[in-house]
Amino acid sequence: MRYKSPVYQVIPVPIARVKPNTYNPNSVAPPEMKLLYESIREDGYTMPIVCYHDKEEDTYIIVDGFHRYRVMLEHHDIYERERGMLPVSVIDKPIDQRMASTIRHNRARGNHAVDLMSNIVKELHDLGRSDAWISKHLGMDRDEILRLKQITGLAELFADVEFGRAWRPVEQIGVEELDLPYDGGVLEEEDE
């Protein structure tokens, strides 16, 4: 079967059946939201909301297009004109792939929040994805992944990283291994 891009299969979906995802790291400032509203008011919806269809709940989970969705939720004139229906393009991917798709869409437009990106890296790590997988699918280099992991401050994100003896957490070694010139007294700075 020949591949057909989801955009060629846009369907109208009642907004009540469309739900935001829990991981989108992008935000839009009020002036840009106003501009988006004006664009949709003047031009209509020219880009579909990209969603995953949750068949069990019969809902559509947003992968990309949350702010276009918000415009209809927040503006009665748009809701009425569109009869409460959003144009939806469906992708059928597991959660890790959907998260990666969201990030790719956001990064292609150049907007995403660092703290939320670090949470996504953590969630993908929790799902068992390696740094190499995250790098490949989110378009990040290893340094960026490291910085995002550091923001979360969670040691388990570094569990799969091999460190030398100098980098072992104190909890993993005994005091006798520390080989420090410390006698249990108060440490004082030496005069220079």
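Use the structure listed above.
What you see is a predicted model; the values in this text were computed from it and never measured.

Rules used throughout
- Residues numbered from 1 in each chain as written.
- Predicted model: local features only at pLDDT ≥ 70, side-chain atom pairs only at ≥ 80, totals over all residues.
- Heavy atoms only, no water.
- Helix = DSSP H or I, 4+ residues; strand = E, 2+ residues; numbered from the N terminus.
- Buried < 20%, exposed > 50% of the residue type's maximum accessible area, 1.4 Å probe, protein only.
- Contact = heavy atoms within 4.5 Å.
- Areas by Shrake-Rupley, 256 points an atom, 1.4 Å probe, with all protein chains shown as cover.
- Pairing = 2+ DSSP bridges.
- Axes fitted to C-alpha atoms, helices over the stretch in contact; angles between N-to-C directions.
- Parallel < 35°, antiparallel > 145°, perpendicular 65-115°, else oblique.
- Nonpolar A, V, L, I, M, F, W, Y, C, P; charged D, E, K, R; others polar.

Novice: Can you walk me through the overall build of the protein chain in this structure?
Specialist: Helix and strand counts for the protein chain stand at seven helices and five strands. Starting at the N terminus, the α and β elements of the protein chain follow one another as β-β-α-β-β-α-α-β-α-α-α-α. The proportion of buried residues among the 192 residues of the protein chain is 35%. Taking all contacts inside the protein chain whose residues are at least 6 apart in sequence as the whole, residues at least 24 apart take part in 73%. Carbon and sulfur atoms make up 52% of the accessible area of the protein chain, which totals about 12800 Å².

Novice: What am I meant to see in the sheet that holds strand β2 (residues 18-19) here?
Specialist: Hydrogen bonds along the backbone pair up the strands of a sheet, which may run parallel or antiparallel. Strand order in the open sheet made by the five strands is β1-β5-β3-β4-β2, with mixed pairing throughout. Edge positions in the sheet fall to β1 (11-14) and β2, since each has one partner strand and no second. Relative to strand β5 (residues 85-90), β1 is paired through four bridges, and the arrangement is antiparallel. Residue Val-13 lies in a different strand from β5, and its bridge partner there is Leu-86. In the packing of helix α2 (residues 66-74) onto the sheet, the strands contacted are β2, β3 (49-54), β4 (59-64) and β5, and the crossing angle to β4 comes to about 125 degrees.

Novice: Which parts of the structure should I look at to understand the pairing of β3?
Specialist: Consecutive side chains along a regular strand alternate between the two faces of the sheet. Buried residues dominate β3, accounting for five of its six residues. Of the pairings in the sheet, the one linking β3 to β5 comprises three bridges and is parallel in character. Bridging from a neighbouring strand, Val-50 pairs with Ser-89 of β5. Relative to β4, β3 runs antiparallel, the two sharing five bridges. Within β4, the residue paired with Cys-51 across the bridge is Ile-62.

Novice: How should I be thinking about the packing of helix α1 (residues 30-43) against α2 in this particular structure?
Specialist: In a pair of packed helices, the angle between the axes and the distance between the axes together describe the arrangement. Between α1 and α2, the least distance of the axes is 10 Å, while the angle of their chain directions is 70 degrees. Between α1 and α2, the angle falls in the class roughly perpendicular. Counting all contacts with α1, which are made through Met-33, Leu-36, Tyr-37 and Ile-40, the residues of α2 involved are His-67, Arg-68, Arg-70 and Val-71. When its residues are assigned to classes, the contact of α1 with α2 shows five nonpolar, one polar and two charged.

Novice: Help me understand unusual backbone geometry, please; the structure alone is not making it clear to me.
Specialist: One non-glycine residue, Asp-58, lies in the positive phi region at around 50 degrees. Topologically, Asp-58 is positioned in the loop between β3 and β4. Of note in this structure, Arg-83 is not a glycine but carries a positive phi near 55 degrees. Relative to the elements of secondary structure, Arg-83 occurs in the loop between α3 (76-81) and β5. Overall, Arg-83 belongs to the exposed group, its relative accessible area being 71%.

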